[in-house]
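Now for the letters of each chain:
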Amino acid sequence: MARMKFLCDAERCIECNGCVTACKQENDVPWGVNRRRVVTINDGVPGERSISVACMHCSDAPCMAVCPVDCFYRSEEGVVLHDKDLCIGCGYCFYACPFGAPQFPQAGAFGVRGKMDKCTFCAGGPEKDGSEDEFRKYGRNRLSEGKLPACAEMCSTKALLGGDGDVIAEIYRQRVTMRGKGSDVWGWGTAYGRPEAPRAPGGPGGGPAPGQPAQPAPGGKT
Amino acid sequence: MKRLAHWATIACGAMAAMMLAGCGERPQVIEYKQGKYQGKPDQPPYAAAPFNGNKDLWERDVRNRTQNQNEYKRIGS
């Protein structure tokens, strides 16, 4: 089996926050901690795009690289998990993560930063599968029940896909072929649009497009 | 007098036990091995019931379930 991955189709996400709610409900996530959230670019502007973001379970995870107590591990299925008994709540992983996935609940009377909490791909953690301890520390272990993460399975528009990377990539490929557009999952072009193609010199509104070099004269040196 | 000696013996015994308990303290400093996972081992998702170690069955179930996200397959394209 390939690696477990998430994929969010920005063409389909309607910013309903159903994934966020499903995650909170399924894993009994405490107040103030969001393992998953929906980010919208150009909010309110026509053409706005939303994407659901959580831990992306990186193949070369920066959180693993910076953890001073080495509490992270990657499961056989490619899910990045951590041992909360070992975590010291230093926050290095939060600074290292490009997605802001690691979350820190407030603990104690003075709001001291608690142990790190993050998306587990609904795969629990290093406790006995389905045990009370596992649920209390890491949330539900749906993967051991043969299920997929609650956020992906609850997504009403199926914008958020989760599961075997090869399978969801194939689903996405078929989807793009059927609708004939939106092959960019997410990126600069999807979020901010592409630079305009340079217009023909002498044409309507002639001259180079902003940010484009001027066209060389015919026969001139290039 | 005899009772006092009895209680003194008990008190001394309790005190000795408490002092000895300090010798049984576990080391509280973890020895980290740089670059290696230091936590508890985890078991694969197919180890426990209902799959009971049957990896192939688990993979097939998960793959089928993943296909439920494909509406073109669910409703027929």
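Residues numbered from 1 in each chain as written. Chains lettered and ligands numbered in written order. Predicted model: local features only at pLDDT ≥ 70, side-chain atom pairs only at ≥ 80, totals over all residues.

This part is about the overall build of chain B. Secondary structure summary: chain B contains three helices and zero strands in total. Helices (α) and strands (β) of chain B occur, in sequence order from the N terminus, as α-α-α. In chain B, buried positions account for 12% of the 77 residues. (Helix = DSSP H or I, 4+ residues; strand = E, 2+ residues; numbered from the N terminus. Buried ≥ 20, exposed ≤ 12 C-beta atoms within 10 Å, placed from the backbone.)

A few words now on the confidence of the model for chain A. Averaged over all residues, the pLDDT of chain A is 85; the fraction at 70 or higher stands at 83%. Taken together, the stretch residues 205-222 of chain A has pLDDT below 50 and engages in 16 contacts with residues farther than four places along the chain or on a different chain. (pLDDT = per-residue confidence, 0-100. Contact = placed C-beta atoms within 7 Å.)

Time to look at the nonpolar core. All names here are of chain A. Formed by 41 residues in total, the largest nonpolar core has its most connected members in Phe72, Phe121, Cys151, Ala152 and Leu160. Among the secondary structure elements, those contributing two or more residues to this core are β1 (4-8), α1 (18-27), β3 (49-53), β4 (72-74), β5 (80-82), α5 (150-154), β8 (160-164) and α6 (165-179). Other than its neighbours up to four places away in sequence, Phe121 contacts Met4, His57, Val79, Leu143 and Pro149. (Core = buried A, V, L, I, M, F, W, Y, C linked by C-beta atoms within 7 Å.)

Further remarks concern the interface of chain B and chain A. Listed by partner, the interface residues are 28 residues for chain B and 33 residues for chain A. Broken down by secondary-structure element, the contributors of at least two residues to the side of chain B that touches chain A are α2 (55-67) and α3 (71-75) of chain B. Sorting elements by how many residues they give to the side of chain B that touches chain A places α2(B) first, with eight residues. Tallied by class, the residues present in the side of chain B that touches chain A amount to eleven nonpolar, nine polar and eight charged. (Nonpolar A, V, L, I, M, F, W, Y, C, P; charged D, E, K, R; others polar.)

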